[in-house]
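What the coordinates show
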Amino acid sequence: MKRFSATRRDFLKTVSLGAASLPMRGTPSAAQESARRPNVILVITDDQGYGDLGCHGNEVIDTPNLDRLHSQSLRLTNFHVDPTCSPTRSSLMTGRYSSRTGVWHTIMGRSILRRDEVTVADVFAAGGYRTSIFGKWHLGDNYPCRPQDRGFHEVLIHGGGGVGQGPDYWGNDYFDDTYFHNGTPTPFKGYCTDVWFENAMRFIEANRQRPFFVYLTTNAPHGPFNVAEKYSKPYRDKGVEERRANFWGMITNIDENMGRLMQRLRELDLERDTILIFMTDNGSSAGESGGWRGKKGSEYDGGHRVPFFIRWPGGGIEAGTDAGRLTAHIDVLPTLIELCGLPKPEGVAFDGTSLVPLLSGRAADWPDRTLFVHSQRIEHPEMWRKCAVMTDRWRLVNGEMLNDMQADPGQTKNVGDMHPEVVQKLRKAYEDWWADLSRRFDEYCEIVIGSDEANPCRLMSHDWHGSKPAWSQGSVRSGAKSNGFWAVEVAHGGMYEFSLRRWPIEVDAPITAAIANGKAISAATARLTIADVDMTQPIPEGAHEVSFRVQLKAGKTRLQTWFTDDEGASRGAYYVYVKRIS
């Protein structure tokens, strides 16, 4: 089994780039410039399933540009991701199983990528590429886990796991929103998906004379299903119910933007020298699974088998062909390293392997392999929970149900009694994998407070550890009676100020107020605990925040807050602003 053996800092040192000296929005040095290598554009959509494409047999959805890309690409037809978004993204960024990177949920502090993981952006930046992200990150909203901390030179993202979630800018609703451009809240005009694509194309044009890596990661068609009428109405006119009509309308808008992107590559004479990848992050949430059992979140193939198209006209990848061997998100980074001639992170043990043999028509050289997928979505992972052990032929689901994918691709029949030796072999493989994977399950991915790189900083209840964190703006509006703690690391000893708020600074309303269709709450006292400090003070009438000053030592600890009313009922402060002041 592969084990973690190198840190991100180790990798940065091997390429003569200290962690603080990665080129950020500057011109690459002469040492980084290299012979022209292929550009890479990796497009990943959110919650679009295998069957939410016309080219995959859906006769209702309108996706002409993605259908055309399908015909121009090599397609991996047995390609797998995690059943939900943050885990998929962590594997895509690192080439390693998601739970190995500290990511096995989408909230609860378990969507934060460990700081010692080497990312695809680190690798491309070290190879002299200009790197960028547009759209959804969902691997941490605080230092040192923001994309600008992880090798991306140009960053334009929303917060949290979706537009309008708790860590996102308040009030965003997909139209004319405020997004985070290189860390600064910046207003934009237009629909979210249009914004991501338009700015990605500007980046491509500005960097067309050098190799670039674009991670174009739409939040659509993730809910809420907000889209212009012109995209959803054609589906309603066909009799599609409203929720799905909006969902498919969002995909048609993505398709329209894909057409614009492909046209722009042609206009800039970049099509031949650009690797263009299209994939999705998990099974469908509101559409079709393409005949596979299950949807988003499922351990069956419909939860994690997704489209994967790769086109490189100048690189010898044969268009219009299918590769049906078992592959996964963990293979993408090793593949791109080989295709682009990038430095391999020395000592980093990838769980994936390069797909170049499959992409170059050498499928006969492809070995049999066993891969694993699971959906945890809890504070501490549990063995055998919502899992599948996969080979080209078999699926062992939850350690009990054995499916023969050749005879029963819909996974309707358990043939374990007929093949006990297969069940035993796959169970043993899972047990060995789990023993290796679980070595760091007791660790937290701490948010660093008081760093020179992000001072002040904002914490949001999306990242509370606990059973029911208030992860959405809706939870804040309703005054959800929930609480939890943040796992934090104090970067430097000194005096810190903690400002406890119900509403974010951009709303700037009283703690108890009912605004934005929300509910009024009662709150008489505010309490803060961190390290060995436990402080309480009354909440003045009409106060927007309550602040505490605390002398802290550097190191890892827990932070928790309370707003408590006169009857003893309480909830946490959903937003806490932290500043090191000495």
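Residues numbered from 1 in each chain as written. Predicted model: local features only at pLDDT ≥ 70, side-chain atom pairs only at ≥ 80, totals over all residues. Heavy atoms only, no water.

Moving on, we come to the overall build of the chain. Assigned secondary structure in the chain consists of 12 helices and 26 strands. Its C-alpha atoms give the chain a radius of gyration of 24 Å, near enough to 25 Å, the size a compact globule of 582 residues would have. The long-range share in the chain, meaning contacts at least 24 apart out of those at least 6 apart in sequence, stands at 70%. Carbon and sulfur atoms provide 47% of the accessible area of the chain, an area that totals close to 21,200 Å². Of the side-chain charges in the chain, 69 are positive and 72 negative, and the distance between the mean point of each set is 2 Å. (Helix = DSSP H or I, 4+ residues; strand = E, 2+ residues; numbered from the N terminus. Rg over C-alpha atoms; globule rule 2.2 N^0.38 Å. Contact = heavy atoms within 4.5 Å. Areas by Shrake-Rupley, 256 points an atom, 1.4 Å probe, with all protein chains shown as cover. Lys, Arg positive; Asp, Glu negative; His and termini not counted. Charge placed at Lys NZ, Arg CZ, Asp CG, Glu CD.)

Let's shift gears to the pattern of salt bridges. Per the counting criterion, the structure on display carries 38 salt bridges. Across the pair arginine 264 and glutamate 267 runs a salt bridge whose closest N-O atoms are separated by 2.8 Å. On the criterion of helical spacing, the pair formed by arginine 264 and glutamate 267 is a turn pair, its members being 3 residues apart in helix H7 (residues 242-267). The exposure class assigned to arginine 264 is partly exposed, which follows from its relative accessible area of 22%. The network of salt bridges with shared partners includes Asp46, Arg89, Lys136 and Asp281. (Salt bridge = Lys/Arg side-chain N within 4 Å of Asp/Glu carboxyl O. Buried < 20%, exposed > 50% of the residue type's maximum accessible area, 1.4 Å probe, protein only.)

Let us look at the nonpolar core. A general feature of soluble globular proteins is that nonpolar side chains tend to end up buried together. Phe124, Phe152, Phe213, Tyr215 and Ile310 are the most contacted members of the largest nonpolar core, which totals 52 residues. Residue contributions to this core peak at 6 residues, all from helix H9 (residues 332-340). If you look at the next biggest cluster of nonpolar residues, it comprises 46 residues, including Val43, Val195, Ala200 and Val240. (Core = buried A, V, L, I, M, F, W, Y, C linked by side-chain atoms within 4.5 Å.)

Applying the stated criterion across every chain yields a total of 28 aromatic pairs. Seen in terms of ring centroids, tyrosine 430 and tryptophan 434 are 6.1 Å apart; in terms of plane orientation they differ by 20°. Their pairing is stacked. One end of the pair, tyrosine 430, and the other, tryptophan 434, are both in helix H11 (residues 420-437), 4 residues apart, so they sit about a helical turn from each other. For the residue pair tyrosine 430 and tryptophan 434, the accessibility class agrees, reading buried in each case. A network of ring pairs unites the aromatic residues Tyr97, Trp104, Phe372, Trp384, Tyr430, Trp433, Trp434 and Phe441 as a single cluster. Its guanidinium or amino end placed over the ring of tryptophan 292, arginine 305 lies 3.7 Å from that ring's centre, counting from NZ or CZ. Its end group placed over the ring of phenylalanine 485, arginine 558 keeps NZ or CZ at 4.1 Å from the ring centre. (Phe/Tyr/Trp six-rings, centres within 6.5 Å; stacked < 30°, edge-to-face > 60°. Lys NZ or Arg CZ within 6 Å of the ring centre and 35° of its normal.)

What the 4 strands build is an open sheet, ordered E13-E14-E15-E16; its pairing is antiparallel. The open sheet is flanked by strand E13 (371-374) and strand E16 (401-404), the only strands paired with a single partner. Recorded for the sheet is a direction-independent mean angle of 20° between the axes of neighbouring strands. Summarising the sheet, strand E14 (residues 387-390) and strand E15 (residues 394-397) pair through 3 bridges and their orientation is antiparallel. By the bridge assignment, valine 389 is partnered in E15 with leucine 396. (Pairing = 2+ DSSP bridges. Axes fitted to C-alpha atoms, helices over the stretch in contact; angles between N-to-C directions.)

Right, let's talk about the confidence of the model for the chain for a bit. This prediction gives the chain a mean pLDDT of 94; 95% of its residues lie at or above 70. pLDDT under 50 marks residues 1-6. Its contacts with residues more than four places away, or in other chains, come to 23 contacts. For the stretch residues 16-34, pLDDT sits under 50, and the model shows 30 contacts to residues farther than four places along the chain or on other chains. (pLDDT = per-residue confidence, 0-100.)

Now for the environment of glutamine 473. With respect to the helices and strands, the residue glutamine 473 is situated in helix H12 (residues 473-478). Between the C-alpha atom of glutamine 473 and that of alanine 516, which follows or precedes it by 43 residues, the distance is 10.0 Å. Among all residues touching glutamine 473, those that are not within four sequence positions of it are Gly164, Gln165, Gly166, Asp168, Tyr169, Trp170 and Gly171. A polar side-chain atom of glutamine 473 sits 3.2 Å from the main-chain amide nitrogen of glycine 171. (Polar contact = N/O pair within 3.5 Å; in protein donor to acceptor, adjacent residues only side chain to side chain.)

Tracing the backbone shows aspartate 52 in the loop between strand E1 (39-45) and helix H2 (64-72). There is a polar contact of 2.8 Å between the side chain of aspartate 52 and the side chain of serine 284. Side-chain polar atoms of aspartate 52 contact the backbone nitrogen of glutamate 288, separated by 2.8 Å. Residue contacts for aspartate 52: discarding those within four places in its chain leaves Asp47, Asn58, Ile61, Thr63, Phe247, Trp248, Ile251, Ser284, Gly287 and Glu288.

Moving on, we get to the packing of helix H6 (residues 229-237) against H7. H7 packs onto H6 with a crossing angle of 130° between their chain directions and a minimal axis gap of 7 Å. In terms of orientation, H6 and H7 fall into the oblique class. The way H6 lies across H7 gives a crossing that is right-handed. Each of Tyr231, Ser232, Tyr235 and Arg236 in H6 lies in contact with H7, whose residues at this interface are Glu242, Ala245, Asn246, Trp248, Gly249, Thr252, Asn253 and Glu256. Residues belonging to the contact of H6 with H7 are distributed by class as follows: 4 nonpolar, 5 polar and 3 charged. (Parallel < 35°, antiparallel > 145°, perpendicular 65-115°, else oblique. Left-handed = near helix turned anticlockwise from the far one by under 90°. Nonpolar A, V, L, I, M, F, W, Y, C, P; charged D, E, K, R; others polar.)

It is worth spelling out the packing of helix H5 (residues 192-206) against H7 at this point. At a minimum axis separation of 10 Å, H5 and H7 run at an interaxial angle of 10°. Judged by the inter-axis angle, H5 sits roughly parallel to H7. Residues Thr193, Asp194, Phe197, Glu198, Met201, Ile204 and Glu205 of H5 pack against Asn253, Ile254, Asn257, Met258, Arg260, Leu261, Arg264 and Leu265 of H7. Tallied by class, the residues present in the contact of H5 with H7 amount to 7 nonpolar, 3 polar and 5 charged.

What follows concerns the pairing of strand E8 (residues 212-217). Within E8, 6 of the 6 residues are buried, which leaves the element mostly enclosed by the surrounding structure. Residues Phe212, Val214 and Leu216 of E8 are buried on one face, and the alternating residues Phe213, Tyr215 and Thr217, pointing to the opposite face, are buried as well. With 5 bridges connecting them, E1 and E8 associate as parallel partners. Residue isoleucine 44 lies in a different strand from E8, and its bridge partner there is threonine 217. For strand E4 (residues 130-135) and E8, the ladder comprises 6 bridges, and the chain directions are parallel. Each bridged residue has a counterpart across the sheet, and for threonine 131 the counterpart in E8 is phenylalanine 213.

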